[in-house]
Amino acid sequence: MYGHIGTLIKLRTSTYMGIVLNPGSTSLATLEALWRNGTAATLSSESRPAIQAAADLVTKAASGDTAVYGINTGFGKLASLKIEPADTATLQRNLVLSHCCGVGEALDVATTRLMMILKLLSVGRGASGVRLATVDLIEVMLAQGVTPVVPVQGSVGASGDLAPLAHFAAALIGEGQSIYNGQTLATAEALARAGLEPITLSAKEGLGLINGTQFSTACALAGLFTVWRCAQASTVIAALSTDAIMGSTAPLNEAIHSLRGHPGQINVANAMRTILAGSEIRESHREGDTRVQDPYCIRCQPQVLGACLDLLQYAGQTLQIEANAVTDNPLVLVETEVIVSGGNFHAEPVAFAADQIAIALAEIGAIAQRRVALMVDPTLSFDLPPFLTPEPGLNSGYMIAEVTTAALMSENKHLANPCSTDSTPTSANQEDHVSMAAHAARRLQRMNANLANILGIELLCAVQGIEFRAPLKTSPVLAKVIAATRLRVASLEADRYLADDIAAAAALVTEGVLSEVADIDHLISNRLFTEPTS
């Protein structure tokens, strides 16, 4: 059994514990790898002295006569009530259990684990007063695969993500439910099966665990990682669609985008030029094409997708800072031996970032939907058959698939309305302005699923359209993309059950297959995953 602290520390230092985190300087690339791969994580040994120093200062304050919020007082509107030192543990336990008021479905395991890792990064800065024993238990739960069940509803994104984080903190004291080896169990049972024991919270620990923005930030990061992969795929699929309708590559001219200067626009145009290079389809209509200009959904792809990339990169910078931030309250300032109340738990930066991600996400889908509509319309597709079927009339082809993209696009537009502009007073008007960051971040999962389906349908239409251009060939890069697509989805010769095709195509988007096959990761990815500047 691993219940005693000595064994926890021994396990913590083993190679089984995965990636070593440096609080204050952990990159988006590291966080994405942890989220996607389920890798365990530990704080660096260099962070441990600061954690211990903060915990020692809290212990001293808890036994003193001076009222210090959250350590020897009540909480929120009850902060004027003094708590005796003998009741410290009870105070923290009661705090956690009383805040376990989350409702709704459970957060997925990958994002819950990311939330736990973000909490490690926050307390690892040495300003929260959480003990090393508590840090050790979180690390070993990650290593052993014990994941708290965290309901997704209940946070308004100020005074921290109180309800969701309370369900996480409850698992540390053996309460609530957790997932272990794919089973949902009472947490006490899950810990026991993993060879672990719950802890008793010390002064301020409950508050340090439930106060903070880690739920909202984890959800926003998961949304960012997913939409960035969709944006990569969209660059490839947009090139396919351009060739399918025999669109012009003149709008991709490097000089056009340099004159404007936006880095995302320049990046997308460069990527699309690279992807489309060598297309026989493109060369076949350079002369004698009666069309003067393509519709905006073809001609303005770098401008629209590039602007989305720039917005996502800005949101990523905000979330990278937040992921490395201390966001609980009060904060333990060890150097000056002061414990001071502040407002770092207010998740306004996260709410703004999530709103920006939602806007970019909706726009990527909106312009993709217009390309689908273009390809199925014989009056606009430059002689492709109606709805991309060899026998229109007898077959409907991609007629209703296009309708589905319109439905998903419209839903994402509604979901993209800002959440950060909303607020409602809570906690007897003590917490009278809140961020709604949890709402802003949670919707991104649904929006990303919609976007992946839109792009998946566009992929099917574009590949089908290019195949109708035979014997003319597309570019070598896009030929590889078509081959990868056809490994999962056959050409649509006659009407069939299409839902499975759409799901398979959407998976090509979310799994990163398209950008990998097209080898554009170095063109699109390197702008987001940079090291922190702090």
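## Notes on the packing of helix α10 (residues 214-244) against helix α16 (residues 348-376)
(1) Moving on: Where α10 contacts α16, the axes come no closer than 10 Å and their chain directions differ by 20 degrees. As far as their axial angle goes, α16 and α10 are roughly parallel. The way α10 lies across α16 gives a crossing that is left-handed. Where α10 abuts α16, its residues Ser216, Thr217, Ala220, Gly223, Leu224, Val227, Ala231, Ser234, Ala238, Ser241 and Ala244 lie against Val350, Ile357, Leu361, Ile364, Arg371 and Met375.
(2) Moving on: Class assignment of the residues belonging to the contact of α10 with α16 gives a composition of 11 nonpolar, five polar and one charged.

## A closer look at the environment of Glu391
(1) Moving on: Tracing the chain through its elements places Glu391 in the loop between α16 and α17 (399-415).
(2) Moving on: Assessed through its relative accessible area of 45%, Glu391 is described here as partly exposed.
(3) Moving on: It is 31 Å that separates the C-alpha atoms of Glu391 and Ala518, two residues lying 127 residues apart in sequence.

## Concerning the sheet that holds strand β4 (residues 147-148)
(1) Moving on: With antiparallel pairing, three strands are arranged side by side in an open sheet as β4-β6-β7. Each edge of the sheet is formed by a strand with only one pairing partner; in this case those strands are β4 and β7 (183-186).
(2) Moving on: Inspection of the sheet shows strand β6 (residues 177-180) paired to β7 by four bridges, in the antiparallel sense. Residue Ile179 lies in a different strand from β7, and its bridge partner there is Thr184.

## Comments concerning the environment of Ala505
(1) Moving on: Considering the arrangement of structural elements, one finds Ala505 in helix α20 (residues 499-510).
(2) Moving on: Note on Ala505: relative accessible area 0%, which makes it buried.
(3) Moving on: Sequence-wise, Ala505 and Leu259 are 246 residues apart; in three dimensions their C-alpha atoms are separated by 36 Å.
(4) Moving on: Ignoring sequence-local partners within four residues, the contact set of Ala505 consists of Gly456, Leu459, Leu460 and Val489.

Each value, and the rule that gives it
Residues numbered from 1 in each chain as written. Predicted model: local features only at pLDDT ≥ 70, side-chain atom pairs only at ≥ 80, totals over all residues. Heavy atoms only, no water. Axes fitted to C-alpha atoms, helices over the stretch in contact; angles between N-to-C directions. Helix = DSSP H or I, 4+ residues; strand = E, 2+ residues; numbered from the N terminus. Parallel < 35°, antiparallel > 145°, perpendicular 65-115°, else oblique. Left-handed = near helix turned anticlockwise from the far one by under 90°. Contact = heavy atoms within 4.5 Å. Nonpolar A, V, L, I, M, F, W, Y, C, P; charged D, E, K, R; others polar. Buried < 20%, exposed > 50% of the residue type's maximum accessible area, 1.4 Å probe, protein only. Pairing = 2+ DSSP bridges.

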